[in-house]
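# Architecture and fold: a report
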Amino acid sequence: SKKRRLGGKPHSFFELRNASGTMYRSEVQDRTLDPDWLVAKVDLHSLCGSNFDAPIEIVVFNRNRYETEKLGGSFQGTETGKLIGSFRSTVNNLLVAADSRKSFPLWQHGRRTGKIVVLEAECIGFASSSEIFQAAATAEELLLVAASKSKVAETARKEFEKARELAQALRKNEQEASAALDEAWEAAGVAKAASLKAAKEEEGIRNRLVGTLKFQFEGKSLKNVETFKFADKSDPFFVLQKITSEEDEKVEWSQVYISDVIMNNLNPVWKESEVNIGDLCIRSLDEAIRVVVFDWEKSGKHKLIGYFETSVQGIISAQRAEVVIPLTSKYEETGGIVVPNAEVDGFIDPKTVEKRASELAEKADNAHFFALGAEQRVKHASKAAEAAWKEALRLERVAESAEKEADAARRDAFGISEGKKTILTYPGLGL
């Protein structure tokens, strides 16, 4: 470039203009005739729209000393500086000049004042109006997709929350069912133990009845079977007998209890007696027993006064009815027996025990089956809870996937919108 004849070297900067005015102002290069300005970045749509052949102008100035520079391609001040020169061109021409290192002469009032060399020039992300509209449409579609995906994500998230609540409720049901199962098996164990105890008790009673017959007999007007009746009276005692066998209608009896002897008395009152029920009966208080009254003889050959057949229950009934039970011998009545006191102490009825054992066995079985049912309920509850958790996790994945897709669609939409902002850069301009 040509040197200035007066004064020092210029403080130069340039402006890029179109029909609307200044679009860019460079930084100031101090005291140099060969300024090398920084890269200029200009929005192409503001500079020339989509017409790369639209006229633009580059104007170079020498800055006045009192103006103050402002970084970022502009400065503050009321005056622009003194014109060095300018040239007209187009974006296409600048791009061609950059490729061929072609220079543009600066002119001032018809006089050449230097030249400008375009070191580099490129368009970054340029798009035509139709492409911008298409991009806007695509971005809008992507935003709609993002909104749709967001809606799907929101719905899936709500469904996930419901599924999670259901899974938590089912898990709680599983825990309650498991606790109930423990209680059921414990109850089944208790019921089984009670059943076994009752069965053992039943078996023991089946082998031998439990209880004691407490009773007292009084004789009434017993027959005197002494040889010398005018000089002596019978010495009565009684024997309790039970059946030991029955074959061919022949009954055999065995002695169970022998009372004390009341000497020389036809109306004896024997002392209270006690006999084990198991010694008299096998299965029931209604089994036959026999009461035989003898006249005691020193020789051991006791004489029969009379007898009657009854049962333990019959003795109890006679006491309650206050009746006289007749004694007979060879179809002859030989006196009577009164029962002033009679009771059964500690008797356990085998039928009651058997019924109780049966009930407890049934209860134990029911408890066992209930525990098995509770076990199945736990399994079902566990499967339901597991399935609910899987569904909740699936819905969570659906929600997360939809949210990611919505975010990606929004990023793509914003990327398209931002990407269509075109920048023309001049990496280097020199005088």
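These notes cover the structure that comes with them. (Residues numbered from 1 in each chain as written. Predicted model: local features only at pLDDT ≥ 70, side-chain atom pairs only at ≥ 80, totals over all residues. Heavy atoms only, no water.)

With that out of the way, let us pick up a nonpolar patch on the surface. Taken together, W185, F369 and L372 make up a surface patch of nonpolar side chains, about 290 Å² in accessible area. Within the secondary structure layout, F369 lies in helix 6 (residues 350-419). Here F369 falls in the exposed class, since its relative accessible area comes to 55%. (Patch = residues over 30% accessible without salt bridge, like charges linked within 9 Å, V, L, I, M, F, W, Y side chains within 5 Å. Areas by Shrake-Rupley, 256 points an atom, 1.4 Å probe, with all protein chains shown as cover. Salt bridge = Lys/Arg side-chain N within 4 Å of Asp/Glu carboxyl O. Helix = DSSP H or I, 4+ residues; strand = E, 2+ residues; numbered from the N terminus. Buried < 20%, exposed > 50% of the residue type's maximum accessible area, 1.4 Å probe, protein only.)

The next thing to look at is helix 5 (residues 312-321). Buried residues of helix 5: V312, I315, I316 and A318, and no others. Here the buried residues of helix 5 occupy an arc of 160 degrees about the axis, which is enough to place them on one side. Those residues of helix 5 hidden inside the fold are in contact with strand 11 (212-220), helix 4 (277-280), strand 15 (288-295), strand 16 (303-311), strand 17 (324-329) and strand 18 (332-345). Of the residues one or two after helix 5, E322 is the one with positive phi, at around 55 degrees. (Arc of directions from axis to C-beta. Contact = heavy atoms within 4.5 Å.)

As a working rule, side chains carrying opposite charge can pair if their charged atoms are close by. Applying the stated criterion across every chain yields a total of 13 salt bridges. Where salt bridges share partners, they join E15, R17 and R25 into one cluster.

In this section: the nonpolar core. Nonpolar side chains tend toward joint burial in soluble globular proteins. F215, F217, F238 and L240 are the most contacted members of the largest nonpolar core, which totals 31 residues. Of all the elements in the fold, those that place two or more residues in this core are strand 11, strand 12 (236-247), helix 4, strand 15, strand 16, helix 5, strand 17 and strand 18. Element by element, the count of residues in this core is highest for helix 5, at 4 residues. Excluding its chain neighbours within four sequence positions, the residues that come into contact with L240 are F215, F217, S254, Q255, V256, Y257, V275, L280, R290 and V291. One finds F14, V60, L94 and A121 within the second-largest nonpolar core, a separate group that totals 26 residues. (Core = buried A, V, L, I, M, F, W, Y, C linked by side-chain atoms within 4.5 Å.)

With that out of the way, let us pick up helix 2 (residues 91-100). Regarding helix 2, the residues found buried are V91, L94, L95, A97 and A98. Considered in projection along helix 2, the buried side chains sweep an arc of 160 degrees and stay on one side of the axis. Residues of helix 2 that are exposed and point more than 90 degrees away from the buried face comprise V96 and D99. In the stretch just after helix 2, R101 is the one whose phi turns positive, near 55 degrees.

A contiguous patch of negative charge on the surface is contributed by E247, D248, E249 and E252. In this fold, D248 is placed in the loop between strand 12 and strand 13 (250-258). In this structure D248 comes out as exposed when scored by relative accessible area, which is 79%. (Lys, Arg positive; Asp, Glu negative; His and termini not counted. Charge placed at Lys NZ, Arg CZ, Asp CG, Glu CD.)

Residue placement: K214 occurs in strand 11. Owing to a relative accessible area of 21%, K214 belongs among the partly exposed residues under this scheme. Along the primary structure K214 and E272 are separated by 58 residues, whereas in three dimensions their C-alpha atoms are 7.0 Å apart. Aside from chain neighbours lying at most four places away, what touches K214 is E272, S273, E274, N341, A342, E343 and D345.

Under the counting rule described, the total for this entry stands at 11 aromatic pairs. Measuring from ring centre to ring centre gives 4.9 Å for F215 and F217, while their planes differ by 50 degrees; the resulting arrangement is tilted. Judged by relative accessible area, F215 falls into the buried class, the value being 0%. Owing to a relative accessible area of 1%, F217 belongs among the buried residues under this scheme. Taken together, F215, F217, F238, Y257 and W270 form an aromatic cluster joined through their ring pairs. Over the aromatic face of Y307 sits the side chain of R290, whose NZ or CZ is 5.3 Å from the ring centroid. Over the ring of F370 we find R377; its NZ or CZ atom is 5.1 Å from the centre of that ring. (Phe/Tyr/Trp six-rings, centres within 6.5 Å; stacked < 30°, edge-to-face > 60°. Lys NZ or Arg CZ within 6 Å of the ring centre and 35° of its normal.)

Trans peptide bonds make up most of the peptide bonds, and negative phi angles are found at most residues other than glycine. One non-glycine residue, R31, adopts positive backbone phi at about 50 degrees. For R31, the location among the structural elements is in the loop between strand 2 (21-25) and strand 3 (36-37). Positive phi values are uncommon outside glycine, yet E322 reaches one of about 55 degrees.

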